[in-house]
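Here is how the chains run, residue by residue.
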Amino acid sequence: MLNVRHKQSEVILKALNFNGAPGKDTTAESYKVLVLDKFTKDVIAPLLRLNDLRKHGVTLHLMLEAERQPIPDVPAVYLVTPSPANVERVAADAAASLYDSMYLNFTVPIPGKLVEELAAGVVKAGALSRVSKLYDQYISFIALEPSLFSLGQPETYIELNDPQARDYQIEATVSNIVDGLFSVCVTLGVVPIIRCPRGGAAEHIASALDAKLRDALKSRTNLFSEGVLGLSASLSRPLLCLFDRNFDLSAAVQHSWTYKPLVQDVLGLKLNRIALQSEAAGPGPAGMMAGGAASKKHYDVDEKDFFWEACGAHAFPKVAEEVETQLQRYRAAVDEINKKTAAHAGQEGAFDPDELLRRNTQNLMQAVSSLPELQEQKKVLDKHTNIATSLLGAIKMRALDQYYNTAEDLLTGKADLAAVLKLLQSGKGAPMDKLRLALIYILAQDGLPSEQELSELEQVMRTGGADVTALQYVRTLKRNNLTGSGKGGAEAMGHHAGGTMPSQNNLLDWADKTFGSGLSQVAKGVKTLLSGARQAPLAACVEVLMEGKAGMPEFDSFAVFDPKLPPGRANLERAKGPFREGIVFMIGGGNYAERETLLNWAQRCMPPRQVLYGATELLSGEEFVQQLSELGRRSGGR
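This is a predicted model, so every value here is computed, not measured.

## A look at the sheet that holds strand β14 (residues 610–615)
In step 1: In spatial order, the strands read β6-β7-β14-β13-β9-β8-β12; together these seven strands make up an open sheet with mixed pairing. Each edge of the sheet is formed by a strand with only one pairing partner; in this case those strands are β6 (142–145) and β12 (559–561). Adjacent strand axes in the sheet meet at a mean angle of 20 degrees when their direction is disregarded.
In step 2: Against the sheet, helix α7 (residues 167–188) contacts β7 (148–150), β9 (239–244), β13 (581–587) and β14, and its axis sits at roughly 160 degrees relative to β13.

So this is what it looks like as structure tokens:
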């Protein structure tokens, strides 16, 4: 079972314990200071909260870049990336004797040149005794959920597609991605078979990762637990599928309708944390920025949140129903406790004073033991009530249901330009929502729309206040055949995940009546939009690769790499599967909605498959469109 979050937590806890085995008891001798940089702070944020750090003896966590006061007689654990600036700062800390001893942990192996610079700086200051240990860790990624990770590398899509980028800049980006993927493989202890489309960044990265894994297997100290077994059967190894973002651009810009993707797209979910702004600030990432820090309330959502895990893939109206159902269960449990602990509650049929005392004591003990759990449930439900209410406000204000439904109709061939223009000219939605729908219209076409259609679309967009630079950039991609499989993936598979998409013209009539009056009646009279009425191109392709469907274009045409074989010896025979476990990685940014399509497919398989989803970064639709616009400007777009 691949659990990237659990595995990374183990590595970090070991580092906090000075790279010894984590003990159950934390004594005074193990109290320590934790020093992080910006990237490692993001790595730790989803894994360990403040109380977790304290349990492992961390009394203070400080930023490497900040000015820090000396704390004598206390050891410091450093968890930082091996950059020249960080190495210089670490050497300065040793020279200033900030801490009694320093345990240095780098997210990836520190290059020899930087080791020499660190050693020279420490020796020159006469502070060599301060540096107790130096460790190379492999944690250059952010584990958000057991099957979800990000490399935390911003704007990779721009860096790999920028027409003005120099070769050394592109190579640096590729190297960082390879380091991140290598860290994931080492942390999981697996040597995957790698598949990717030929040509482009995906094959370049796959080739470099293949070489790096092969070198690691040859080294005397093998990093992989399975490496000692030699060549193992393909069934016991995961399949790593690499994709360029251009393989399916529509998934990066489409609106969502299920809970987790909606929260990411509308409320700006980052590092398993949501910041809800006050009603004075508008919904969406832009509104959150306008609201200011003082008006925000922060919520954590992760695998410990039972509601988040249970309802993350539910359509929004179903989530609203579930909130009310869970609240009713909570109230019933509280009422039951009140009955049991009320006066004379234990007297029925009992006349012996000792028996009465025993029953009352037992009821009281049961109430005391169950109250903390109930209180925690209530906090979770209150949190999701607030989140759902914020989502409802954004849906109503921006007509997100209509934008989602129209996009789905476009991708399944049920809508045309007239339907798009009708919604764009209705006055509903923000300029960014209109731009995203216009992008879907272009991407959903088998070929390029006519100049007349594009001109009409651009004119409507400009009238609505939208920047059409991204539209022009995507039009250029389509003209040069640089976008991926489009809607062909669904047609190629010949089956659907759900039924037909119902008409939702009046879906939000209920919102006018229920918004502001709680969520008890939110889902009544609402037809649930059926997410998954088509199979997304990515899920369709992953199915072909993991099931080993010989004869399908993707299976036959994708490149194969096997680090356990000599270079160039891997062939389709090594990748014929079927594979029980897979890692799907999107180069250029991914999102929760795309990951959800993969999980839906994996759960439908018999037996179910396990799929990890990762990306260079996780982006909302708005954030990705901003990158498209920036590329359009750099490419000479207006």
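## Examining the nonpolar core
In step 1: Residues L242, F243 and I387 are the most contacted members of the largest nonpolar core, which totals 115 residues.
In step 2: In this structure, L242 is in contact with L181, I194, R195, C196, P197, A202, I205, A206, F585 and I587, ignoring residues within four places of it in sequence.
In step 3: V420, L424, Y441 and V625 belong to the second-largest nonpolar core, a separate cluster that totals 40 residues.

## So, the packing of helix α17 (residues 431–444) against helix α19 (residues 469–479)
Helix-helix packing is described using two parameters, namely the angle between the two axes and the distance between the axes.
In step 1: Between α17 and α19, the shortest axis-to-axis distance is 10 Å and the interhelical angle comes to 10 degrees. Of the possible angle classes, the one that applies to α17 and α19 is roughly parallel. Contacts from L435, A438, L439, I442 and L443 of α17 reach α19 at A470, L471, V474 and K478.
In step 2: Here the residues of the contact of α17 with α19 are counted per class, giving eight nonpolar, no polar and one charged.

## Points about the side chain of N272
In step 1: When you line up the elements, N272 lands in the loop between α10 (259–267) and β10 (273–276).
In step 2: Accessibility expressed as a relative area gives 4% for N272, which makes it buried.
In step 3: A polar atom in the side chain of N272 sits 2.9 Å from the backbone oxygen of L144.
In step 4: Setting aside anything within four residues of it in sequence, one finds N272 in contact with R5, P46, L144, Y299, D300, V301, D302 and Y592.

## Thoughts on the environment of L410
In step 1: Tracing the chain through its elements places L410 in helix α15 (residues 400–411).
In step 2: For L410, a relative accessible area of 3% gives the class buried.
In step 3: Between the C-alpha atoms of L410 and I440, which are 30 residues apart in sequence, the distance is 7.4 Å.
In step 4: The contacts of L410, once residues within four sequence positions are left out, are A415, D416, V420, L437, I440, Y441 and A444.

## Description of the pairing of strand β3 (residues 71–80)
In step 1: Burial analysis of β3 places seven of its ten residues in the buried class, the great majority of the element.
In step 2: With four bridges connecting them, strand β1 (residues 32–36) and β3 associate as parallel partners. Its bridge partner lying in β3, V35 is registered against Y78.
In step 3: Looking at chain direction, β3 and strand β4 (residues 99–106) are connected through seven bridges and run parallel. In the strand pairing of β4, I71 is matched with Y99.
In step 4: Traced from β3 through helix α4 (residues 84–95) to β4, the parallel crossover comes out right-handed.

The rules we used
- Residues numbered from 1 in each chain as written.
- Predicted model: local features only at pLDDT ≥ 70, side-chain atom pairs only at ≥ 80, totals over all residues.
- Heavy atoms only, no water.
- Pairing = 2+ DSSP bridges.
- Helix = DSSP H or I, 4+ residues; strand = E, 2+ residues; numbered from the N terminus.
- Axes fitted to C-alpha atoms, helices over the stretch in contact; angles between N-to-C directions.
- Contact = heavy atoms within 4.5 Å.
- Core = buried A, V, L, I, M, F, W, Y, C linked by side-chain atoms within 4.5 Å.
- Buried < 20%, exposed > 50% of the residue type's maximum accessible area, 1.4 Å probe, protein only.
- Parallel < 35°, antiparallel > 145°, perpendicular 65-115°, else oblique.
- Nonpolar A, V, L, I, M, F, W, Y, C, P; charged D, E, K, R; others polar.
- Polar contact = N/O pair within 3.5 Å; in protein donor to acceptor, adjacent residues only side chain to side chain.
- Right-handed = clockwise from strand over helix to strand, strands pointing away.

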